[in-house]
Amino acid sequence: MKKFNIQHEPGYILYKNKHALHQCKGIYIVYKCDYNTQNDSVDIKDILYIGQTDNMFERHNDPEKPHEHYNDFVREAGGKEHICFGEILLPDISSDDLETIEAALIHIQKPPVNTDNKSHYTK
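Residues numbered from 1 in each chain as written. Predicted model: local features only at pLDDT ≥ 70, side-chain atom pairs only at ≥ 80, totals over all residues. Heavy atoms only, no water.

**Re the overall build of the chain**
Link 1 in the chain: Along its length, the chain carries three helices and four strands.
Link 2 in the chain: Walking the chain from its N terminus toward its C terminus, one meets helices and strands in the order β-β-β-α-α-β-α.
Link 3 in the chain: In terms of overall dimensions, the chain is globule-like: its C-alpha atoms have a radius of gyration of 14 Å, near the 14 Å expected for 123 residues.
Link 4 in the chain: For the chain, the spread of C-alpha atoms along the principal axes amounts to about 45 × 30 × 25 Å.
Link 5 in the chain: In the chain, which comprises 123 residues, the proportion classed as buried is 39%.
Link 6 in the chain: In the chain, once contacts between residues fewer than 6 apart in sequence are set aside, the share between residues at least 24 apart is 70%.
Link 7 in the chain: Computing the positive centroid from 14 side-chain charges and the negative centroid from 20, the chain places the two 4 Å apart. (Helix = DSSP H or I, 4+ residues; strand = E, 2+ residues; numbered from the N terminus. Rg over C-alpha atoms; globule rule 2.2 N^0.38 Å. Buried < 20%, exposed > 50% of the residue type's maximum accessible area, 1.4 Å probe, protein only. Contact = heavy atoms within 4.5 Å. Lys, Arg positive; Asp, Glu negative; His and termini not counted. Charge placed at Lys NZ, Arg CZ, Asp CG, Glu CD.)

**Section: the pattern of salt bridges**
Link 1 in the chain: In the structure shown here, the tally under the stated rule is five salt bridges.
Link 2 in the chain: Note that Lys45 and Asp34 form a salt bridge whose closest N and O atoms lie 3.6 Å from each other. Note that Lys45 is positioned in strand β3 (residues 41-53) and Asp34 in strand β2 (residues 26-36), a separation of eleven residues in sequence.
Link 3 in the chain: Taking relative accessible area as the criterion, Asp34 reaches 33% and is therefore assigned partly exposed.
Link 4 in the chain: The residue Arg75 makes a salt bridge to Asp72 at a minimum N-O spacing of 2.9 Å. Of this pair, Arg75 and Asp72 both sit in helix α2 (residues 70-77), three residues apart, which is roughly one turn of the helix.
Link 5 in the chain: Salt bridges sharing partners connect three or more residues here, namely Asp34, Asp43 and Lys45. (Salt bridge = Lys/Arg side-chain N within 4 Å of Asp/Glu carboxyl O.)

**Concerning helix α3 (residues 95-109)**
Link 1 in the chain: Relative to the 21 Å expected for 15 residues at 1.5 Å per residue, α3 spans 21 Å between its end C-alpha atoms, a close match to the ideal helical length.
Link 2 in the chain: The complete set of buried residues in α3 reads Asp97, Leu98, Ile101, Glu102, Ala103, Leu105 and Ile106.
Link 3 in the chain: Looking at the packing, one finds that the buried side of α3 touches β2, β3 and β4 (83-89).
Link 4 in the chain: Lys110 sits one or two residues past α3 and shows a positive phi near 55 degrees. (Expected span 1.5 Å × (residues − 1).)

**Examining the sheet that holds β3**
Link 1 in the chain: Read from one edge to the other, the open sheet built from four strands follows the order β1-β4-β2-β3, with strand pairing classed as antiparallel. Looking at strand neighbours, the two that pair on one side only are β1 (13-14) and β3, the edges of this open sheet.
Link 2 in the chain: Bridging between β2 and β3 involves eleven bridges; their strand directions are antiparallel. Bridge pairing in β3 links Asn36 to Ser41. (Pairing = 2+ DSSP bridges.)

**Focus: the pairing of β4**
Link 1 in the chain: Burial analysis of β4 places six of its seven residues in the buried class, the great majority of the element.
Link 2 in the chain: Pairing geometry for β1 and β4, over two bridges, is antiparallel. What sits directly across from Ile13, in β4, is Phe85.

Structure (structure tokens):
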């Protein structure tokens, strides 16, 4: 069995600050959260979606091509102000390995918006 040493990038990025996402290959995690303005902190409630991309910034900031599950994120979170992102930066990993990591995370976490190609997640 192949093992991967991955590390979640510290902190969370609110949807309104999605322009701060890295221009890097990796796994992104979409969370339902509550934002506390008084102490500038995020309280994570649930994982909504796990995805992978060659460029996290472009994946979520292209006005011509919004994320295909954006409306699902908003519905599940109760509004876009309750969406935040986490990043796992994997710039040097192969596309096959990126898919394997994504599938494993989805299989373990079972986020509600990840409904496409469920058989792939047991890989």
